[in-house]
4 protein chains.
Amino acid sequence: MPKLGMEPIRRDALVKATITEIGRAGSLDVTVSQIAKRAGVSSGLAHHYFGSKEQIFVAAMRHILSVYGAQVRAALTLAKGPRERLEAIIRASFEAGNFRSEVISAWMNFYVQAQTSEGARRLLQLYQARLRSNLIHDLRPLVGAAASEMAANIAALIDGLYIRHALRDSKPDGQRASERVLACLEMMLSDHLCSENIPAGGMKP
Amino acid sequence: MPKLGMEPIRRDALVKATITEIGRAGSLDVTVSQIAKRAGVSSGLAHHYFGSKEQIFVAAMRHILSVYGAQVRAALTLAKGPRERLEAIIRASFEAGNFRSEVISAWMNFYVQAQTSEGARRLLQLYQARLRSNLIHDLRPLVGAAASEMAANIAALIDGLYIRHALRDSKPDGQRASERVLACLEMMLSDHLCSENIPAGGMKP
Amino acid sequence: MPKLGMEPIRRDALVKATITEIGRAGSLDVTVSQIAKRAGVSSGLAHHYFGSKEQIFVAAMRHILSVYGAQVRAALTLAKGPRERLEAIIRASFEAGNFRSEVISAWMNFYVQAQTSEGARRLLQLYQARLRSNLIHDLRPLVGAAASEMAANIAALIDGLYIRHALRDSKPDGQRASERVLACLEMMLSDHLCSENIPAGGMKP
Amino acid sequence: MPKLGMEPIRRDALVKATITEIGRAGSLDVTVSQIAKRAGVSSGLAHHYFGSKEQIFVAAMRHILSVYGAQVRAALTLAKGPRERLEAIIRASFEAGNFRSEVISAWMNFYVQAQTSEGARRLLQLYQARLRSNLIHDLRPLVGAAASEMAANIAALIDGLYIRHALRDSKPDGQRASERVLACLEMMLSDHLCSENIPAGGMKP
DNA sequence: AATGAATGAGGATTCATTCAT
DNA sequence: GATGAATGAATCCTCATTCAT
């Protein structure tokens, strides 16, 4: 008994099922049938809505990124001043909803898929660009021209902590991960202050 | 033309062909036949020597890690003092032979496979443990108890830079990547000096 | 042209094709593709419905046994009294539909497969148990405690005649085979009568 | 270090290894490599001596039959008079060396292979012919023209008991099996005596 | 809108057989 | 005589995709 307006519901169910299944399998070796079954629909319907398996994956990635983006935006509205905003961005990255082994696994896999799928690649590049621009936006008032370099380091650190948790057996601890990044941020900021007052190269003993 | 003592030669050819093919495909979706053909042997022989596709992948990973390990050791013999040793470790990570898009791609894929294959997981964990212990060994003389935390950050940064290059279209620039990590290292070291002289919490404005 | 409710039709076609192909090949060295082609479907569908080649074989065996069982039951409803019933059981075993070289061949092969496949073994054990209990049921009124031993002999004789026809070049003659078993049965029954009146051991000269 | 006169030793080892492996596997799905390994030689050598896998199987079958034949002959030289000779033939069939689950399994498989391999078929037909002629030779003095029919029944019974043990989980009991056949033989013989003195058809009640 | 029957290409794996040494 | 390296055909099985209903 087909109903009207089911499309968004089905799409959503399929996207969520995709993330779940990828997390469960720990790889993209997930069949369309598995995804469809978990979403409670037929495999035919999955193709009907998404056209191909790759598109399903891309949609799933887009979903993860948009959830993440929404969280960042939400956190930013509450934050006051650059420092709080930076903290908000970093904490959002390791927020419990994102920093689950399931999502980490999907994330990892999407990086791999980005090597093959143009759609996947564009999405991840978009994510990187956004994170970068968010960080720069709030670093600039604090460190000026050094913002770009610093943003790149923070971003790499975040991604590095993600990837390192893909091997962990224990449950990911987002709290601890964000503390670590925040500590590094503090370090960079204070280092920047020092280096402004001290002649360049003075750091090296 | 069957000869005696071909085993090590074939194994080596197959391992190298595997890395090449994974790099070319950008994913583990590489057939045994492709690998075998590139190695100049039949697909049957690949199974004869490795038993299964997964084993071939694990062997390829082991190869990458052992090459990397050898480079680190070589660099360490030339280095004098903790600082030079730390620099050697970091530079080795981004040395031209490792930091090629081909190897980066294989690396990424192995992370993914580690979620499924016990052998792959163990190897990567081994890599992480070694890197960590190498770093700690030379950080301890410089920063004492802070070595552990600092090592984790450096390691995450290295991995993060790797992963970020998986999306790049341009050729990976190992030189620049290691400069970046080294700069961070300097920062952490100098920060450590400061914080020893300044009351805790004093950093926060 | 996919339709609804095709499953039973396809399963049936595949099972019959399996028996035909095994008979034609004279061995279980029959590919799934051959079976599928004869059934007029793709090889994929065969797996879709049965899961594996072994399952297809087991289903084919089950089919043969159920046809045989139905024939026995049908014959038994018409039979009056133990003797007629025994005759019905024996004749059913060599009935033209079962005692074809095709089915004999499949039968032989299933015995072999029973050494490897638990499913096959259970089915054949079930067949043996049923034949035995059918025979005992109607022998008991005639010979009492001797029924068990006698049933075993009749059953072995039936199987023996089957196996011996696997080597024959000529068409199996079920009529003659059942006459032979029936003659043996008569012999056993009359012998039983004699031995009741004559002191044990008196047979040996 | 090749030696002279190794051929018969190697052939023998391979033949025995074949029977062992078939017994172990419960099917003819045994690789030449397995057989060769068990015989302690290379797979190449197996082909060198036998030419093909089928020939190896045929040789193994020939071995089993010749052992069996030798046992029958040996038993016959000790036997005095037709009855003792018949008993000797039957007991030889279920002698401990033959009536092992290993050999039963090989036997079963050879019946199957006889449907495909001309060599196998000829050997089995030879076995059947010999058994038949042995039985007839000693039945004739006892029952005259009925010998042929009776021999066929005894032979079928023997084969039937063999096949029935292919499904048993317990160790085959050759002693009991031959008792059973001998009892049937007695029955047939005494029945023959009766029927000579009683009008035909008098058996039916 | 939704199903699931059906296909068929593709891939891992096995193994008999060959052959240079 | 003996090895075992090497091949490649053969086969089971999976799965994305299509399509009639």
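Here goes a summary of the coordinates provided.

About the cut-offs
- Residues numbered from 1 in each chain as written.
- Chains lettered and ligands numbered in written order.
- Predicted model: local features only at pLDDT ≥ 70, side-chain atom pairs only at ≥ 80, totals over all residues.
- Heavy atoms only, no water.
- Contact = heavy atoms within 4.5 Å.
- Buried area = accessible area lost by both parts, 1.4 Å probe.
- Salt bridge = Lys/Arg side-chain N within 4 Å of Asp/Glu carboxyl O.
- Polar contact = N/O pair within 3.5 Å; in protein donor to acceptor, adjacent residues only side chain to side chain.
- Helix = DSSP H or I, 4+ residues; strand = E, 2+ residues; numbered from the N terminus.
- Nonpolar A, V, L, I, M, F, W, Y, C, P; charged D, E, K, R; others polar.
- Least-squares fit on C-alpha atoms with pLDDT ≥ 70 in both.
- Disulfide = S-S within 2.5 Å.
- Buried < 20%, exposed > 50% of the residue type's maximum accessible area, 1.4 Å probe, protein only.
- Near = heavy atom within 4 Å.

With that out of the way, let us pick up the interface of chain B and chain A. For an interface, size is often stated in terms of accessible area lost upon the parts coming together. Contact residues are listed per partner, giving 43 residues for chain B and 44 residues for chain A. The contact between chain B and chain A buries some 4,000 Å² in all, and 58% of this surface belongs to carbon and sulfur atoms. Per-residue buried area on chain B facing chain A is highest for Gln115(B), Arg164(B) and Leu167(B); these three make up 19% of the total on that side. The residue Asp169(B) makes a salt bridge to Arg121(A) at a minimum N-O spacing of 2.3 Å. Counting every contact that joins chain B to chain A gives 16 residue pairs in polar contact (both at pLDDT 80 or more). Top contributing element to the side of chain B that touches chain A by residue count: helix H8 (residues 147–165) of chain B, with 11 residues. Looking at the side of chain B that touches chain A residue by residue, the class counts come to 22 nonpolar, 11 polar and 10 charged.

Moving on, we get to the interface of chain C and chain D. Between chain C and chain D, the contact holds 43 residues from the first and 44 residues from the second. Summed over both sides, the interface between chain C and chain D buries roughly 4,000 Å², with carbon and sulfur atoms accounting for 58% of that surface. Of all residues in chain C, Gln115(C), Arg164(C) and Leu167(C) give up the largest surface area on contact with chain D, accounting jointly for 19% of the area buried on that side. Remark: the boundary between chain C and chain D carries 6 salt bridges. Joining chain C to chain D, the criterion identifies 15 residue pairs in polar contact (both at pLDDT 80 or more). Those elements that place two or more of their residues in the side of chain C that touches chain D are helix H6 (101–113), helix H7 (118–143), helix H8 (147–165) and helix H9 (174–197) of chain C. Looking at the side of chain C that touches chain D element by element, the count peaks at 11 residues for H8(C).

Quick look at the pattern of salt bridges now. All names here are of chain A. In the structure shown here, the tally under the stated rule is 52 salt bridges over all chains. Across the pair Glu102 and Arg100 runs a salt bridge, and its minimum N-O distance is 3.5 Å. Each of Glu21, Arg24 and Arg38 takes part in salt bridges that share partners, so that together they form one network.

Our focus in this paragraph is the relation of the copies chain B and chain A. Its rotation angle being 180°, the transformation that places chain B on chain A also includes 0.0 Å of axial translation and leaves an RMSD of 0.1 Å. Both copies of the chain, as the preceding transformation shows, are related through a two-fold rotation axis. Considering only C-alpha atoms, the residue of chain B closest to the rotation axis is Gly160(B), which sits at 1.8 Å. In this assembly, 100% of the residues forming the interface of chain B have copies in chain A that are likewise at the interface, indicating an isologous arrangement.

With that settled, consider the state of the cysteines. Evaluated as defined, the whole model comprises 0 disulfides over all chains. Cysteine Cys184(C) shares no disulfide, and the gap to the nearest cysteine sulfur, in Cys184(D), comes to 7.0 Å. With a relative accessible area of 3%, Cys184(C) lands in the buried category.

The subject of this paragraph is the relation of the copies chain C and chain D. The operation relating chain C to chain D is a screw motion whose rotation component is 180°, with 0.0 Å of axial translation and a residual RMSD of 0.1 Å. Comparing interface residues between copies, 100% of those in chain C also lie at the interface in chain D; the contact surface is shared.

Looking now at the protein's contact with DNA strand F. The environment of DNA strand F is made up of 34 residues, and the closest members are Lys53(A), Ser42(B), Lys53(C), His48(D) and Tyr49(D). A share of 75% is what sugar and phosphate atoms reach among the atoms of DNA strand F within 4 Å of the protein. Contact between DNA strand F and Lys53(A): a phosphate oxygen at 2.5 Å from a side-chain N or O atom of the residue. Residue Arg10(B) places a side-chain N or O atom 2.9 Å away from a phosphate oxygen belonging to DNA strand F. Those elements that provide at least two residues to the surface near DNA strand F are helix H3 (43–50) of chain B together with helix H3 (43–50) of chain D. Considered class by class, the residues forming the surface near DNA strand F number 16 nonpolar, 12 polar and 6 charged.

This part covers the protein's contact with DNA strand E. Taken together, 34 residues are adjacent to DNA strand E, and His48(A), Tyr49(A), Lys53(B), Arg10(C) and Lys53(D) come closest. Side-chain polar atom of His48(A) to a phosphate oxygen of DNA strand E: 2.8 Å apart, as the coordinates give it. His47(B) has a polar side-chain atom sitting 2.9 Å from a phosphate oxygen of DNA strand E. Among the elements of the structure, helix H3 (43–50) of chain A together with helix H3 (43–50) of chain C are those that each provide at least two residues to the surface near DNA strand E. Among the residues making up the surface near DNA strand E, the classes are represented as 16 nonpolar, 12 polar and 6 charged.

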